Amino acid sequence: METREQLYEGKAKTLYATDDPRLLVQHFKDDATAFNAQKRGTIHDKGVVNNRMSEYLFRYLEEHGIHTHFVERTDDRRMVVQRLTMLPIEVIVRNRIAGSLAKRLGVAEGTAAKQRIIEFSLKSDELGDPLLTDDHILALGLVEAAELAQVKEVTGRIADLLTAFFAERGLELIDFKIELGHDADGRLTLGDEICPDTMRLWDMATGEKKDKDRFRHDLGDVEETYQEVLARVLAD
Ligand code: 5GP
């Protein structure tokens with residue numbers, strides 16, 4: 001398989017076409033942004049960690065019946081993935097109330113939630129990924145009703161699997177963001193990446209933050225934390 005032209009450059013990843021129209025190469029960078037790119041920096045070897053961790057978690061989810069776009073990891077920073085037609089929404093799962101929701105509702109970071117929250121936002125950097133209600137999604141025709149139900153069902157299964165996976169490694173999964181799309185056969189498929197950039201993980205013993213919040217809020221030990229989380233993920 002041959003890597004061809006660059007299709008898209010995002011904040012943390014670059015996507016390339018290949019000589020196979022069904023496949024793309026996803027390249028993970030060390031660039032880090034926060035607060036809708038108002039804060040920028042680099043995290044040494046973040047791309048390597050996120051590539052390995054995404055590979056491991058995509059394989060784990062596949063083993064448990066979730067369709068993902070992962071095909072194979074080809075080097076430290078690259079993986080081959082299926083080309084998907086992405087839904088125009090981001091899906092966020094919250095086991096506790098933290099981050100933007102804690103701020104918006106004026107509650108303490110880490111407030112317990114009586115039930116798991118699944119929320120959606122519009123994929124739009126210009127608008128800062130605004131929150132979407134189900135009615136917004138249906139009224140704008142972003143996703144059909146039946147598919148929205150399927151998105152919630154598969155997201156719930158992914159949340160159960162990831163929450164249990166990290167708990168076994170002494171990490172509480174506070175929240176995470178996923179992106180879904182359709183593969184060439186029209187199947188709803190998990191895309192993008194799953195890594196400390198896209199989730200909050202708190203150490204169950206110490207309460208320490210083990211994710212991108214260390215970069216967002218200048219908490220220190222950013223590189224070390226990414227490496228530690230990867231080591232905990234890979235430790236069977
Ligand atoms: P919040 O809404 O609190 O900022 O984010 C909730 C969770 O989703 C966090 O784990 C955060 O890392 C993830 N998340 C939400 N939006 C984005 C995004 O645009 N990019 C990335 N990398 N993660 C996001």
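Shown above is the structure to which this text applies.
How each quantity is defined
- Residues numbered from 1 in each chain as written.
- Predicted model: local features only at pLDDT ≥ 70, side-chain atom pairs only at ≥ 80, totals over all residues.
- Heavy atoms only, no water.
- Axes fitted to C-alpha atoms, helices over the stretch in contact; angles between N-to-C directions.
- Helix = DSSP H or I, 4+ residues; strand = E, 2+ residues; numbered from the N terminus.
- Parallel < 35°, antiparallel > 145°, perpendicular 65-115°, else oblique.
- Left-handed = near helix turned anticlockwise from the far one by under 90°.
- Contact = heavy atoms within 4.5 Å.
- Pairing = 2+ DSSP bridges.
- Core = buried A, V, L, I, M, F, W, Y, C linked by side-chain atoms within 4.5 Å.
- Buried < 20%, exposed > 50% of the residue type's maximum accessible area, 1.4 Å probe, protein only.
- Domains from an automatic or database assignment.

Asks: How would you summarise the packing of helix α1 (residues 46–63) against helix α6 (residues 222–234) if you had to cite specific residues and measurements?
Replies: To characterise two packed helices, one gives the angle between the axes of the helices and the distance between these axes. At a closest axis distance of 10 Å, the pairing of α1 and α6 adopts a crossing angle of 20°. Taken as axis vectors, α1 and α6 run roughly parallel relative to one another. Of the two elements, α1 crosses α6, and the hand of that crossing is left-handed. Two secondary-structure elements touch here, α1 through Lys46, Val49, Asn50, Arg52, Met53 and Tyr56 and α6 through Tyr226, Gln227, Val229, Leu230, Val233 and Leu234.

Asks: Let's hear about the sheet that holds strand β10 (residues 111–122): which residues, and what values?
Replies: Strands in a sheet are paired, the pairing made by backbone hydrogen bonds, and the direction either parallel or antiparallel. Pairing in this open sheet of five strands is antiparallel, and the strands run β11-β10-β9-β12-β15 from one edge to the other. A strand with exactly one partner marks an edge of an open sheet, and here the two such strands are β11 (131–132) and β15 (199–203). Pairing analysis gives five bridges linking strand β12 (residues 171–178) to β15, with the strands arranged antiparallel. If you follow Leu173 over to β15, its bridge partner there is Leu201.

Asks: Can you lay out the nonpolar core for me, pointing to particular residues and giving the numbers?
Replies: Counting 48 residues, the largest nonpolar core has Leu61, Ile158, Phe166 and Phe176 as its most contacted members. Of the residues forming this core, the biggest block, nine residues, is contributed by helix α4 (residues 145–167). Among the domains, domain 1 (3–82) and domain 2 (85–227) are the pair contributing at least three residues each to this core.

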